[in-house]
Amino acid sequence: MQTMARGLAEAGVTDVAVPRVYEALTTRRVLVSEWIDGRKLSECSTEEVRELVAIGQECFLVQLLQTGFFHSDPHPGNLMRPHDQSRARLVLIDFGLVARVQRKDQDLFVSSIIHLANKDYAALIDDFVGLGILPPDCNRAKVLPLMDKALSPYVKGGGAKKYEQELKTLYGMDGSVESTVGGFQAMTSDMLTVLNDIPFSIPPYFALLARAVVTLEGLALQADPDYGLVLEAYPFVARKLLSSDRPELQKALQEVLYGGGDPALKGVVTPTRLAALVNSAAGVVARQEGAAFVDLDAVPDEGLTPAAAAAFVLSPDAASIRALLADEAAGASDLLLRQALRKAVPLVAAALPQPPRLPFLPPPPEPLELPVPLPPRAGAATGGGVPLPSLTSARALLDALAPPLSRDEELYALSLVDLLKSTLGEEAAALAAGDLSQDPVAAARAARPILAAALEAQGPAAADSAVARLARAALQLLETVDALPFGGGGRAGADRGADPLREVLAGVSDTERAVLQEELDRLAGRLRERLEERLAAVQ
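All values derive from a computational prediction rather than experimental measurement. (Residues numbered from 1 in each chain as written. Predicted model: local features only at pLDDT ≥ 70, side-chain atom pairs only at ≥ 80, totals over all residues. Heavy atoms only, no water.)

1. Focus on the nonpolar core
- Core analysis: the largest hydrophobic core is formed by 78 residues, its most contacted members being Leu65, Phe109, Leu134, Met147 and Leu241.
- When residues of this core are assigned to domains, at least three map to each of domain 1 (1–100) and domain 2 (321–354 + 365–376 + 390–484 + 499–537).
- Excluding residues that lie within four positions of it along the chain, Phe109 makes contacts with Leu64, Leu65, Val101, Leu131, Tyr205, Phe206 and Leu209.
- Listed in part, the 11 residues of the second largest apolar core include Ala332, Leu335, Leu336 and Leu405. (Core = buried A, V, L, I, M, F, W, Y, C linked by side-chain atoms within 4.5 Å. Buried < 20%, exposed > 50% of the residue type's maximum accessible area, 1.4 Å probe, protein only. Domains from an automatic or database assignment. Contact = heavy atoms within 4.5 Å.)

So, in C-alpha coordinates, the structure goes:
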(Lines give C-alpha, C1' and ligand atoms only; values in the text may rest on other atoms or scores of the structure.)
Protein backbone atom coordinates (compact mmCIF):
# COMPACT_ATOMS: atom_id res chain seq x y z
CA MET A 1 0.00 0.00 0.00
CA GLN A 2 2.81 2.41 0.85
CA THR A 3 4.69 1.54 -2.35
CA MET A 4 1.57 2.17 -4.44
CA ALA A 5 0.85 5.46 -2.67
CA ARG A 6 4.41 6.69 -3.25
CA GLY A 7 4.36 5.63 -6.90
CA LEU A 8 1.07 7.39 -7.65
CA ALA A 9 2.21 10.55 -5.86
CA GLU A 10 5.49 10.64 -7.80
CA ALA A 11 3.56 10.16 -11.05
CA GLY A 12 1.32 13.14 -10.25
CA VAL A 13 -1.89 11.12 -9.82
CA THR A 14 -4.21 13.24 -7.64
CA ASP A 15 -7.64 11.72 -8.28
CA VAL A 16 -6.81 8.32 -6.77
CA ALA A 17 -5.81 7.63 -3.18
CA VAL A 18 -4.60 4.65 -1.15
CA PRO A 19 -5.65 4.32 2.52
CA ARG A 20 -2.97 5.31 5.01
CA VAL A 21 -1.26 2.52 6.95
CA TYR A 22 -0.92 2.85 10.74
CA GLU A 23 2.49 1.26 11.21
CA ALA A 24 2.42 1.48 15.02
CA LEU A 25 -0.65 -0.73 15.09
CA THR A 26 0.37 -3.05 12.26
CA THR A 27 2.00 -6.43 12.89
CA ARG A 28 3.00 -9.37 10.72
CA ARG A 29 -0.52 -10.82 11.02
CA VAL A 30 -2.68 -7.68 11.32
CA LEU A 31 -2.76 -4.75 8.89
CA VAL A 32 -4.37 -1.60 10.30
CA SER A 33 -5.24 1.03 7.70
CA GLU A 34 -7.35 4.14 7.33
CA TRP A 35 -11.12 3.72 7.29
CA ILE A 36 -12.76 5.00 4.10
CA ASP A 37 -16.33 6.27 4.20
CA GLY A 38 -17.80 5.79 0.77
CA ARG A 39 -19.49 3.46 -1.71
CA LYS A 40 -17.99 0.64 -3.70
CA LEU A 41 -18.31 0.98 -7.46
CA SER A 42 -20.69 -1.96 -7.42
CA GLU A 43 -23.08 0.32 -5.50
CA CYS A 44 -22.67 3.41 -7.74
CA SER A 45 -24.92 4.60 -10.54
CA THR A 46 -24.04 4.02 -14.19
CA GLU A 47 -23.08 7.68 -14.60
CA GLU A 48 -20.76 7.54 -11.59
CA VAL A 49 -19.22 4.27 -12.81
CA ARG A 50 -18.56 5.79 -16.25
CA GLU A 51 -16.82 8.79 -14.67
CA LEU A 52 -14.79 6.79 -12.16
CA VAL A 53 -13.77 4.08 -14.65
CA ALA A 54 -12.00 6.73 -16.72
CA ILE A 55 -10.06 7.78 -13.60
CA GLY A 56 -9.33 4.16 -12.70
CA GLN A 57 -8.16 3.39 -16.23
CA GLU A 58 -5.69 6.29 -16.19
CA CYS A 59 -4.44 5.15 -12.77
CA PHE A 60 -3.99 1.57 -14.01
CA LEU A 61 -2.02 2.74 -17.06
CA VAL A 62 0.23 4.81 -14.78
CA GLN A 63 0.84 1.69 -12.67
CA LEU A 64 1.49 -0.57 -15.65
CA LEU A 65 3.45 1.73 -17.96
CA GLN A 66 5.06 4.24 -15.60
CA THR A 67 5.58 3.06 -12.01
CA GLY A 68 5.84 -0.66 -12.89
CA PHE A 69 3.85 -1.73 -9.80
CA PHE A 70 0.18 -2.53 -10.37
CA HIS A 71 -2.94 -3.58 -8.46
CA SER A 72 -3.95 -6.92 -9.97
CA ASP A 73 -7.51 -7.16 -8.65
CA PRO A 74 -9.37 -3.92 -9.47
CA HIS A 75 -12.90 -5.35 -9.23
CA PRO A 76 -15.84 -3.10 -8.20
CA GLY A 77 -15.52 -4.11 -4.53
CA ASN A 78 -11.91 -2.85 -4.41
CA LEU A 79 -12.66 0.52 -5.97
CA MET A 80 -14.46 3.02 -3.76
CA ARG A 81 -16.01 6.42 -4.30
CA PRO A 82 -15.31 8.30 -1.03
CA HIS A 83 -18.02 10.53 0.38
CA ASP A 84 -15.36 13.19 0.92
CA GLN A 85 -14.19 14.07 -2.61
CA SER A 86 -11.73 16.74 -1.47
CA ARG A 87 -8.81 14.31 -1.13
CA ALA A 88 -9.51 11.98 -4.07
CA ARG A 89 -12.37 10.87 -6.27
CA LEU A 90 -11.43 7.19 -6.17
CA VAL A 91 -9.79 5.01 -3.51
CA LEU A 92 -8.02 1.69 -4.09
CA ILE A 93 -8.32 -0.97 -1.36
CA ASP A 94 -7.27 -4.61 -0.88
CA PHE A 95 -3.66 -5.02 -2.02
CA GLY A 96 -3.52 -8.79 -1.66
CA LEU A 97 -2.67 -9.18 -5.36
CA VAL A 98 0.00 -6.92 -6.84
CA ALA A 99 2.76 -7.41 -9.41
CA ARG A 100 5.81 -5.63 -10.80
CA VAL A 101 6.73 -4.95 -14.42
CA GLN A 102 10.32 -4.39 -15.50
CA ARG A 103 11.20 -1.24 -17.45
CA LYS A 104 12.06 -3.27 -20.56
CA ASP A 105 8.62 -4.88 -20.55
CA GLN A 106 6.95 -1.51 -19.93
CA ASP A 107 8.54 -0.18 -23.12
CA LEU A 108 7.38 -3.24 -25.03
CA PHE A 109 3.84 -2.77 -23.69
CA VAL A 110 3.87 0.81 -24.99
CA SER A 111 5.07 -0.42 -28.36
CA SER A 112 2.45 -3.20 -28.36
CA ILE A 113 -0.41 -0.77 -27.70
CA ILE A 114 0.77 1.41 -30.59
CA HIS A 115 0.96 -1.56 -32.96
CA LEU A 116 -2.36 -3.00 -31.79
CA ALA A 117 -4.09 0.36 -32.11
CA ASN A 118 -3.02 0.88 -35.74
CA LYS A 119 -3.19 -2.82 -36.70
CA ASP A 120 0.53 -3.27 -37.36
CA TYR A 121 0.67 -6.97 -36.52
CA ALA A 122 4.00 -7.55 -38.26
CA ALA A 123 5.65 -5.18 -35.77
CA LEU A 124 3.57 -6.65 -32.93
CA ILE A 125 5.28 -10.00 -33.50
CA ASP A 126 8.59 -8.34 -32.61
CA ASP A 127 7.02 -6.99 -29.41
CA PHE A 128 5.79 -10.47 -28.48
CA VAL A 129 9.26 -11.88 -29.12
CA GLY A 130 10.71 -9.22 -26.81
CA LEU A 131 8.15 -10.05 -24.11
CA GLY A 132 9.03 -13.76 -24.34
CA ILE A 133 5.59 -14.79 -25.64
CA LEU A 134 6.97 -15.93 -29.00
CA PRO A 135 10.42 -17.37 -29.77
CA PRO A 136 12.72 -15.37 -32.08
CA ASP A 137 12.59 -18.10 -34.74
CA CYS A 138 8.79 -18.36 -34.86
CA ASN A 139 7.12 -18.91 -38.23
CA ARG A 140 5.93 -15.37 -38.95
CA ALA A 141 4.00 -16.39 -42.05
CA LYS A 142 1.79 -18.60 -39.85
CA VAL A 143 1.63 -16.25 -36.87
CA LEU A 144 0.55 -13.11 -38.74
CA PRO A 145 -2.88 -14.23 -40.08
CA LEU A 146 -3.74 -15.97 -36.81
CA MET A 147 -2.80 -12.86 -34.85
CA ASP A 148 -5.10 -10.83 -37.07
CA LYS A 149 -8.00 -13.23 -36.46
CA ALA A 150 -7.47 -13.38 -32.70
CA LEU A 151 -6.68 -9.75 -31.90
CA SER A 152 -8.69 -7.64 -34.34
CA PRO A 153 -12.04 -8.58 -32.74
CA TYR A 154 -10.57 -7.76 -29.30
CA VAL A 155 -9.24 -4.34 -30.31
CA LYS A 156 -12.71 -3.41 -31.57
CA GLY A 157 -13.96 -3.62 -27.98
CA GLY A 158 -17.35 -4.63 -26.66
CA GLY A 159 -16.29 -7.53 -24.44
CA ALA A 160 -16.88 -11.27 -24.82
CA LYS A 161 -20.27 -11.04 -26.54
CA LYS A 162 -19.04 -8.81 -29.34
CA TYR A 163 -15.83 -10.83 -29.58
CA GLU A 164 -17.96 -13.92 -30.16
CA GLN A 165 -20.00 -12.10 -32.82
CA GLU A 166 -16.84 -10.91 -34.56
CA LEU A 167 -15.37 -14.42 -34.58
CA LYS A 168 -18.57 -15.89 -36.02
CA THR A 169 -18.52 -13.27 -38.76
CA LEU A 170 -14.82 -13.87 -39.36
CA TYR A 171 -15.33 -17.64 -39.77
CA GLY A 172 -18.53 -17.27 -41.83
CA MET A 173 -20.97 -18.60 -39.25
CA ASP A 174 -24.30 -17.11 -40.33
CA GLY A 175 -26.53 -19.37 -38.22
CA SER A 176 -27.05 -22.21 -40.70
CA VAL A 177 -25.87 -25.71 -39.88
CA GLU A 178 -23.47 -25.82 -42.84
CA SER A 179 -21.80 -22.51 -41.99
CA THR A 180 -21.54 -23.38 -38.30
CA VAL A 181 -19.89 -26.73 -39.05
CA GLY A 182 -17.53 -25.18 -41.61
CA GLY A 183 -16.67 -22.27 -39.34
CA PHE A 184 -16.05 -24.56 -36.38
CA GLN A 185 -13.74 -26.74 -38.48
CA ALA A 186 -11.76 -23.68 -39.65
CA MET A 187 -11.50 -22.37 -36.08
CA THR A 188 -10.36 -25.78 -34.83
CA SER A 189 -7.74 -25.93 -37.57
CA ASP A 190 -6.38 -22.52 -36.53
CA MET A 191 -6.31 -23.57 -32.87
CA LEU A 192 -4.38 -26.74 -33.73
CA THR A 193 -1.92 -24.67 -35.75
CA VAL A 194 -1.36 -22.45 -32.71
CA LEU A 195 -0.90 -25.43 -30.39
CA ASN A 196 1.30 -27.52 -32.69
CA ASP A 197 3.24 -25.04 -34.82
CA ILE A 198 3.59 -21.91 -32.67
CA PRO A 199 5.52 -22.58 -29.45
CA PHE A 200 4.20 -19.61 -27.47
CA SER A 201 4.64 -19.16 -23.70
CA ILE A 202 3.11 -16.83 -21.12
CA PRO A 203 5.42 -14.99 -18.65
CA PRO A 204 4.47 -15.64 -14.99
CA TYR A 205 3.19 -12.14 -14.15
CA PHE A 206 0.90 -12.18 -17.21
CA ALA A 207 -1.69 -14.12 -15.21
CA LEU A 208 -2.03 -11.21 -12.78
CA LEU A 209 -1.92 -8.67 -15.61
CA ALA A 210 -4.64 -10.54 -17.53
CA ARG A 211 -6.76 -10.70 -14.38
CA ALA A 212 -6.43 -6.93 -13.89
CA VAL A 213 -7.24 -6.16 -17.53
CA VAL A 214 -10.27 -8.48 -17.65
CA THR A 215 -11.58 -7.10 -14.36
CA LEU A 216 -11.17 -3.48 -15.42
CA GLU A 217 -12.73 -4.12 -18.83
CA GLY A 218 -15.69 -5.91 -17.25
CA LEU A 219 -16.30 -2.91 -15.03
CA ALA A 220 -15.99 -0.45 -17.92
CA LEU A 221 -18.35 -2.49 -20.13
CA GLN A 222 -21.12 -1.98 -17.57
CA ALA A 223 -21.00 1.75 -18.33
CA ASP A 224 -20.03 1.55 -22.02
CA PRO A 225 -20.99 -1.61 -23.96
CA ASP A 226 -18.49 -0.70 -26.73
CA TYR A 227 -15.51 -0.13 -24.42
CA GLY A 228 -12.10 -1.29 -25.69
CA LEU A 229 -9.00 -0.94 -23.52
CA VAL A 230 -6.47 -0.70 -26.35
CA LEU A 231 -8.05 2.33 -28.00
CA GLU A 232 -8.84 3.92 -24.64
CA ALA A 233 -5.20 3.52 -23.63
CA TYR A 234 -3.82 5.10 -26.81
CA PRO A 235 -4.05 8.76 -25.63
CA PHE A 236 -2.05 7.88 -22.51
CA VAL A 237 0.58 6.18 -24.65
CA ALA A 238 0.70 9.19 -27.01
CA ARG A 239 1.33 11.54 -24.05
CA LYS A 240 4.06 9.23 -22.77
CA LEU A 241 5.77 9.19 -26.17
CA LEU A 242 5.67 12.98 -26.47
CA SER A 243 7.10 13.63 -23.00
CA SER A 244 9.72 10.90 -22.47
CA ASP A 245 13.36 11.29 -23.47
CA ARG A 246 14.24 7.63 -22.92
CA PRO A 247 15.87 6.08 -26.02
CA GLU A 248 13.43 3.15 -26.19
CA LEU A 249 10.38 5.44 -26.22
CA GLN A 250 12.12 7.86 -28.59
CA LYS A 251 12.44 4.94 -30.97
CA ALA A 252 8.72 4.21 -30.64
CA LEU A 253 7.94 7.89 -31.22
CA GLN A 254 10.04 7.92 -34.37
CA GLU A 255 8.21 4.82 -35.56
CA VAL A 256 4.84 6.55 -35.11
CA LEU A 257 5.98 9.75 -36.83
CA TYR A 258 8.09 8.29 -39.63
CA GLY A 259 6.50 4.90 -40.29
CA GLY A 260 3.65 4.03 -42.61
CA GLY A 261 1.61 6.58 -44.50
CA ASP A 262 2.32 7.59 -48.09
CA PRO A 263 5.33 5.59 -49.39
CA ALA A 264 6.55 8.76 -51.16
CA LEU A 265 6.84 10.45 -47.75
CA LYS A 266 8.55 7.53 -46.00
CA GLY A 267 11.25 8.85 -43.70
CA VAL A 268 9.77 12.32 -43.17
CA VAL A 269 7.34 13.62 -40.57
CA THR A 270 4.15 14.64 -42.32
CA PRO A 271 2.27 17.53 -40.66
CA THR A 272 -0.90 15.45 -40.65
CA ARG A 273 0.71 12.59 -38.71
CA LEU A 274 2.26 15.01 -36.21
CA ALA A 275 -1.09 16.79 -35.73
CA ALA A 276 -2.83 13.42 -35.29
CA LEU A 277 -0.36 12.38 -32.57
CA VAL A 278 -0.74 15.68 -30.69
CA ASN A 279 -4.55 15.33 -30.85
CA SER A 280 -4.30 11.74 -29.63
CA ALA A 281 -2.24 12.88 -26.65
CA ALA A 282 -5.06 15.30 -25.82
CA GLY A 283 -7.58 12.45 -25.97
CA VAL A 284 -9.00 13.16 -29.44
CA VAL A 285 -8.27 10.10 -31.58
CA ALA A 286 -9.00 9.73 -35.29
CA ARG A 287 -10.22 6.23 -36.08
CA GLN A 288 -10.40 4.06 -39.16
CA GLU A 289 -12.06 0.82 -40.23
CA GLY A 290 -15.45 1.31 -38.61
CA ALA A 291 -14.04 3.24 -35.62
CA ALA A 292 -12.05 0.16 -34.57
CA PHE A 293 -8.44 1.21 -35.11
CA VAL A 294 -6.42 4.41 -34.75
CA ASP A 295 -5.76 6.29 -37.98
CA LEU A 296 -2.26 7.74 -37.62
CA ASP A 297 -2.63 9.76 -40.82
CA ALA A 298 -5.86 11.63 -40.08
CA VAL A 299 -6.64 14.64 -37.90
CA PRO A 300 -9.94 14.31 -35.99
CA ASP A 301 -12.76 16.57 -37.19
CA GLU A 302 -13.24 17.86 -33.65
CA GLY A 303 -9.55 18.12 -32.88
CA LEU A 304 -7.51 20.65 -30.94
CA THR A 305 -7.63 24.29 -31.94
CA PRO A 306 -4.32 25.69 -33.28
CA ALA A 307 -3.95 27.69 -30.06
CA ALA A 308 -4.40 24.62 -27.86
CA ALA A 309 -2.02 22.59 -30.04
CA ALA A 310 0.65 25.33 -29.85
CA ALA A 311 0.34 25.52 -26.07
CA PHE A 312 0.71 21.75 -25.81
CA VAL A 313 3.73 21.54 -28.12
CA LEU A 314 5.49 24.29 -26.13
CA SER A 315 4.69 22.67 -22.75
CA PRO A 316 7.02 20.38 -20.76
CA ASP A 317 4.81 17.44 -21.76
CA ALA A 318 6.05 17.77 -25.34
CA ALA A 319 9.78 18.15 -24.65
CA SER A 320 10.54 14.87 -26.39
CA ILE A 321 8.73 15.79 -29.60
CA ARG A 322 10.45 19.21 -29.75
CA ALA A 323 13.88 17.60 -29.47
CA LEU A 324 13.03 15.04 -32.14
CA LEU A 325 11.55 17.62 -34.51
CA ALA A 326 14.39 20.16 -34.32
CA ASP A 327 15.96 18.85 -37.52
CA GLU A 328 12.52 18.39 -39.11
CA ALA A 329 11.61 22.03 -38.42
CA ALA A 330 14.87 23.21 -39.98
CA GLY A 331 14.33 20.94 -42.97
CA ALA A 332 10.73 22.08 -43.47
CA SER A 333 11.67 25.77 -43.20
CA ASP A 334 14.58 25.30 -45.58
CA LEU A 335 12.31 23.46 -48.01
CA LEU A 336 9.73 26.25 -48.06
CA LEU A 337 12.48 28.88 -48.39
CA ARG A 338 13.98 27.06 -51.37
CA GLN A 339 10.58 26.75 -53.00
CA ALA A 340 9.77 30.43 -52.48
CA LEU A 341 13.16 31.56 -53.80
CA ARG A 342 12.91 29.42 -56.92
CA LYS A 343 9.50 30.93 -57.67
CA ALA A 344 10.28 34.53 -56.74
CA VAL A 345 13.78 35.13 -58.08
CA PRO A 346 13.03 34.34 -61.78
CA LEU A 347 9.91 36.54 -61.65
CA VAL A 348 11.82 39.43 -60.10
CA ALA A 349 14.61 39.02 -62.64
CA ALA A 350 12.11 38.99 -65.54
CA ALA A 351 10.57 42.23 -64.22
CA LEU A 352 13.89 44.11 -64.31
CA PRO A 353 14.25 46.70 -67.12
CA GLN A 354 16.07 45.26 -70.11
CA PRO A 355 18.50 47.19 -72.35
CA PRO A 356 17.28 47.82 -75.92
CA ARG A 357 18.38 45.36 -78.57
CA LEU A 358 20.67 46.96 -81.15
CA PRO A 359 21.08 45.72 -84.71
CA PHE A 360 24.19 43.73 -85.60
CA LEU A 361 24.87 43.12 -81.88
CA PRO A 362 24.22 39.90 -79.99
CA PRO A 363 21.18 40.01 -77.70
CA PRO A 364 21.91 40.91 -74.07
CA PRO A 365 22.20 37.99 -71.67
CA GLU A 366 19.19 36.81 -69.68
CA PRO A 367 19.06 38.46 -66.23
CA LEU A 368 19.82 35.19 -64.44
CA GLU A 369 22.90 34.69 -66.62
CA LEU A 370 24.46 37.98 -65.53
CA PRO A 371 27.50 37.70 -63.26
CA VAL A 372 27.06 38.49 -59.58
CA PRO A 373 29.83 38.93 -56.98
CA LEU A 374 30.26 36.48 -54.15
CA PRO A 375 31.69 37.38 -50.76
CA PRO A 376 35.28 36.11 -50.47
CA ARG A 377 35.96 33.00 -48.46
CA ALA A 378 38.23 33.10 -45.46
CA GLY A 379 41.82 32.62 -46.62
CA ALA A 380 41.03 33.53 -50.25
CA ALA A 381 43.67 35.15 -52.46
CA THR A 382 44.02 38.89 -51.94
CA GLY A 383 45.15 41.84 -53.96
CA GLY A 384 46.90 44.60 -52.08
CA GLY A 385 45.65 43.19 -48.80
CA VAL A 386 42.02 43.35 -49.95
CA PRO A 387 40.15 40.02 -50.45
CA LEU A 388 39.20 39.53 -54.10
CA PRO A 389 35.53 38.69 -54.69
CA SER A 390 34.69 35.85 -57.05
CA LEU A 391 31.97 35.93 -59.69
CA THR A 392 29.25 33.49 -60.67
CA SER A 393 26.00 33.69 -62.57
CA ALA A 394 22.79 34.59 -60.79
CA ARG A 395 21.31 31.26 -61.85
CA ALA A 396 24.24 29.32 -60.40
CA LEU A 397 23.90 31.27 -57.16
CA LEU A 398 20.16 30.52 -57.05
CA ASP A 399 20.79 26.82 -57.71
CA ALA A 400 23.38 26.76 -54.94
CA LEU A 401 21.31 28.56 -52.31
CA ALA A 402 17.99 26.98 -53.33
CA PRO A 403 18.56 23.62 -55.06
CA PRO A 404 15.60 22.33 -57.09
CA LEU A 405 13.05 20.30 -55.14
CA SER A 406 12.73 16.61 -55.84
CA ARG A 407 9.31 15.06 -56.38
CA ASP A 408 9.18 13.78 -52.80
CA GLU A 409 10.18 17.20 -51.50
CA GLU A 410 7.43 18.83 -53.55
CA LEU A 411 4.88 16.46 -52.01
CA TYR A 412 6.20 17.25 -48.54
CA ALA A 413 6.05 21.00 -49.27
CA LEU A 414 2.41 20.62 -50.35
CA SER A 415 1.55 18.97 -47.03
CA LEU A 416 3.30 21.81 -45.15
CA VAL A 417 1.39 24.44 -47.10
CA ASP A 418 -1.89 22.63 -46.43
CA LEU A 419 -1.13 22.70 -42.70
CA LEU A 420 -0.37 26.43 -42.82
CA LYS A 421 -3.59 27.06 -44.73
CA SER A 422 -5.66 25.27 -42.09
CA THR A 423 -3.96 27.03 -39.17
CA LEU A 424 -2.72 30.47 -40.28
CA GLY A 425 -4.94 31.20 -43.26
CA GLU A 426 -4.67 31.21 -47.04
CA GLU A 427 -2.45 34.29 -47.36
CA ALA A 428 0.19 32.89 -45.00
CA ALA A 429 0.11 29.58 -46.87
CA ALA A 430 0.42 31.34 -50.24
CA LEU A 431 3.37 33.35 -48.94
CA ALA A 432 5.15 30.21 -47.69
CA ALA A 433 4.50 28.48 -51.01
CA GLY A 434 5.95 31.41 -52.95
CA ASP A 435 2.65 31.94 -54.76
CA LEU A 436 2.53 35.66 -53.94
CA SER A 437 5.86 36.40 -55.58
CA GLN A 438 4.10 37.90 -58.64
CA ASP A 439 2.29 40.42 -56.42
CA PRO A 440 4.68 42.25 -54.07
CA VAL A 441 1.83 44.11 -52.38
CA ALA A 442 -0.07 40.92 -51.61
CA ALA A 443 3.14 39.34 -50.36
CA ALA A 444 3.77 42.32 -48.10
CA ARG A 445 0.24 42.15 -46.70
CA ALA A 446 0.61 38.44 -45.97
CA ALA A 447 4.07 38.70 -44.41
CA ARG A 448 3.45 41.74 -42.21
CA PRO A 449 1.02 40.15 -39.72
CA ILE A 450 3.18 37.06 -39.44
CA LEU A 451 6.27 39.09 -38.58
CA ALA A 452 4.30 41.35 -36.23
CA ALA A 453 2.81 38.37 -34.41
CA ALA A 454 6.23 36.74 -34.18
CA LEU A 455 7.61 39.90 -32.55
CA GLU A 456 4.71 39.96 -30.11
CA ALA A 457 5.32 36.32 -29.21
CA GLN A 458 8.98 36.90 -28.35
CA GLY A 459 8.27 39.54 -25.71
CA PRO A 460 10.57 42.30 -24.43
CA ALA A 461 13.20 39.94 -23.02
CA ALA A 462 14.11 38.76 -26.52
CA ALA A 463 13.95 42.16 -28.22
CA ASP A 464 17.64 42.10 -29.16
CA SER A 465 17.79 38.54 -30.43
CA ALA A 466 18.91 37.85 -34.00
CA VAL A 467 15.43 36.68 -34.95
CA ALA A 468 13.81 39.81 -33.53
CA ARG A 469 16.25 42.17 -35.31
CA LEU A 470 15.70 40.39 -38.61
CA ALA A 471 11.91 40.45 -38.16
CA ARG A 472 11.90 44.19 -37.34
CA ALA A 473 14.00 45.04 -40.39
CA ALA A 474 11.79 42.97 -42.67
CA LEU A 475 8.68 44.50 -41.15
CA GLN A 476 9.90 48.03 -41.85
CA LEU A 477 10.64 47.10 -45.46
CA LEU A 478 7.20 45.54 -45.92
CA GLU A 479 5.48 48.59 -44.42
CA THR A 480 7.35 50.74 -46.94
CA VAL A 481 6.13 48.55 -49.81
CA ASP A 482 2.57 48.62 -48.53
CA ALA A 483 2.67 52.45 -48.26
CA LEU A 484 3.46 52.85 -51.95
CA PRO A 485 0.71 54.36 -54.15
CA PHE A 486 -0.24 50.98 -55.64
CA GLY A 487 -0.57 49.36 -52.20
CA GLY A 488 -3.53 51.30 -50.80
CA GLY A 489 -5.83 49.53 -48.40
CA GLY A 490 -3.18 47.09 -47.21
CA ARG A 491 -3.70 47.81 -43.53
CA ALA A 492 -7.13 46.19 -43.35
CA GLY A 493 -5.87 43.11 -45.15
CA ALA A 494 -2.88 42.92 -42.83
CA ASP A 495 -5.04 43.17 -39.74
CA ARG A 496 -7.36 40.49 -41.09
CA GLY A 497 -4.46 38.17 -41.91
CA ALA A 498 -2.94 38.66 -38.47
CA ASP A 499 -5.92 37.16 -36.67
CA PRO A 500 -5.14 33.42 -37.01
CA LEU A 501 -1.53 33.69 -35.84
CA ARG A 502 -2.33 36.15 -33.08
CA GLU A 503 -5.09 33.89 -31.84
CA VAL A 504 -2.62 31.01 -31.70
CA LEU A 505 -0.10 33.07 -29.71
CA ALA A 506 -2.67 34.70 -27.42
CA GLY A 507 -2.96 31.59 -25.26
CA VAL A 508 0.79 31.08 -24.91
CA SER A 509 2.15 31.67 -21.39
CA ASP A 510 5.37 33.54 -20.61
CA THR A 511 7.16 30.24 -20.00
CA GLU A 512 5.96 28.89 -23.33
CA ARG A 513 7.01 32.13 -25.06
CA ALA A 514 10.51 31.61 -23.71
CA VAL A 515 10.51 28.08 -25.11
CA LEU A 516 9.27 29.42 -28.46
CA GLN A 517 12.03 32.05 -28.53
CA GLU A 518 14.67 29.43 -27.79
CA GLU A 519 13.39 27.17 -30.57
CA LEU A 520 13.20 30.07 -33.05
CA ASP A 521 16.81 31.07 -32.31
CA ARG A 522 17.94 27.49 -32.85
CA LEU A 523 15.97 27.31 -36.08
CA ALA A 524 17.46 30.58 -37.38
CA GLY A 525 20.95 29.29 -36.58
CA ARG A 526 20.35 26.02 -38.43
CA LEU A 527 19.01 27.81 -41.52
CA ARG A 528 21.99 30.18 -41.55
CA GLU A 529 24.40 27.24 -41.35
CA ARG A 530 22.71 25.53 -44.30
CA LEU A 531 22.86 28.63 -46.46
CA GLU A 532 26.51 29.25 -45.57
CA GLU A 533 27.42 25.66 -46.46
CA ARG A 534 25.76 25.98 -49.88
CA LEU A 535 27.32 29.36 -50.53
CA ALA A 536 30.76 27.95 -49.74
CA ALA A 537 30.28 25.40 -52.54
CA VAL A 538 30.25 28.13 -55.24
CA GLN A 539 32.79 30.55 -53.73
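And the narrative resumes.
2. Focus on empty space enclosed by the protein
- For the structure on display, the rule yields one cavity of 30 Å³ or more.
- Looking at the largest cavity, its volume works out to about 70 Å³.
- Lining the largest cavity, in full, are Gly56, Cys59, Phe60, Gln63, His71, Pro74, Leu79, Leu92 and Leu216.
- Ranked by residue count, the leading element in the lining of the largest cavity is helix 2 (residues 46–67), at four residues.
- When its residues are assigned to classes, the lining of the largest cavity shows six nonpolar, three polar and no charged. (1 Å grid on protein atoms, 1.4 Å probe; cavity = no way out; pocket = protein on both sides within 12 Å on 5 of 7 lines; lining within 4 Å. Points joined across faces, edges and corners; volume = space filled by probe spheres on them. Helix = DSSP H or I, 4+ residues; strand = E, 2+ residues; numbered from the N terminus. Nonpolar A, V, L, I, M, F, W, Y, C, P; charged D, E, K, R; others polar.)

3. Looking at unusual backbone geometry
- Although it is not a glycine, Asp94 adopts a positive phi angle of roughly 65 degrees.
- With respect to the element layout, Asp94 can be found in the loop between strand 5 (90–92) and strand 6 (98–100).

4. Some remarks on the sheet that holds strand 4 (residues 79–82)
- One open sheet accounts for four strands, arranged 1-5-4-2; its pairing is mixed. Each of the sheet's edge strands pairs with one partner strand only, and the pair in question is strand 1 (16–17) and strand 2 (38–40).
- Relative to strand 5, strand 4 runs antiparallel, the two sharing two bridges. By the bridge assignment, Met80 is partnered in strand 5 with Val91. (Pairing = 2+ DSSP bridges.)

5. A look at the packing of aromatic side chains
- Applying the stated criterion to the full structure yields two aromatic pairs.
- For the ring pair Phe60 and Phe70, a centre distance of 6.2 Å and an interplane angle of 85 degrees mean the geometry is edge-to-face. Of this pair, Phe60 sits in helix 2 while Phe70 is found in strand 3 (residues 69–71), placing the two residues 10 residues apart along the sequence.
- Note on Phe70: relative accessible area 0%, which makes it buried.
- Geometrically, the ring pair formed by Phe109 and Phe206 is tilted, given 5.9 Å between the ring centres and 40 degrees between the ring planes. Highlighted residues: Phe109 in helix 3 (residues 103–117) and Phe206 in helix 8 (residues 206–223), separated in sequence by 97 residues.
- Classification of Phe206 by relative accessible area gives buried; the value is 15%. (Phe/Tyr/Trp six-rings, centres within 6.5 Å; stacked < 30°, edge-to-face > 60°.)

6. A look at the side chain of Arg338
- Take Arg338: it is sitting in helix 13 (residues 319–351).
- Residue classification places Arg338 among the buried residues on the basis of a relative accessible area of 7%.
- With near-sequence residues (within four places) excluded, Arg338 lies in contact with Leu401, Ala402, Pro403, Pro404, Leu405, Glu409 and Arg534.

7. Examining the pattern of salt bridges
- In this structure the tally under the stated criterion is 13 salt bridges.
- Between Asp126 and Arg140 there is a salt bridge; the shortest N-O distance is 2.8 Å. Remark: Arg140 occurs in helix 5 (residues 140–155) and Asp126 occurs in helix 4 (residues 121–131); sequence separation between them is 14 residues.
- Note that Arg522 and Glu519 form a salt bridge whose closest N and O atoms lie 3.1 Å from each other. Of this pair, Arg522 and Glu519 both sit in helix 20 (residues 510–538), three residues apart, which is roughly one turn of that helix.
- The exposure class assigned to Glu519 is partly exposed, which follows from its relative accessible area of 24%. (Salt bridge = Lys/Arg side-chain N within 4 Å of Asp/Glu carboxyl O.)

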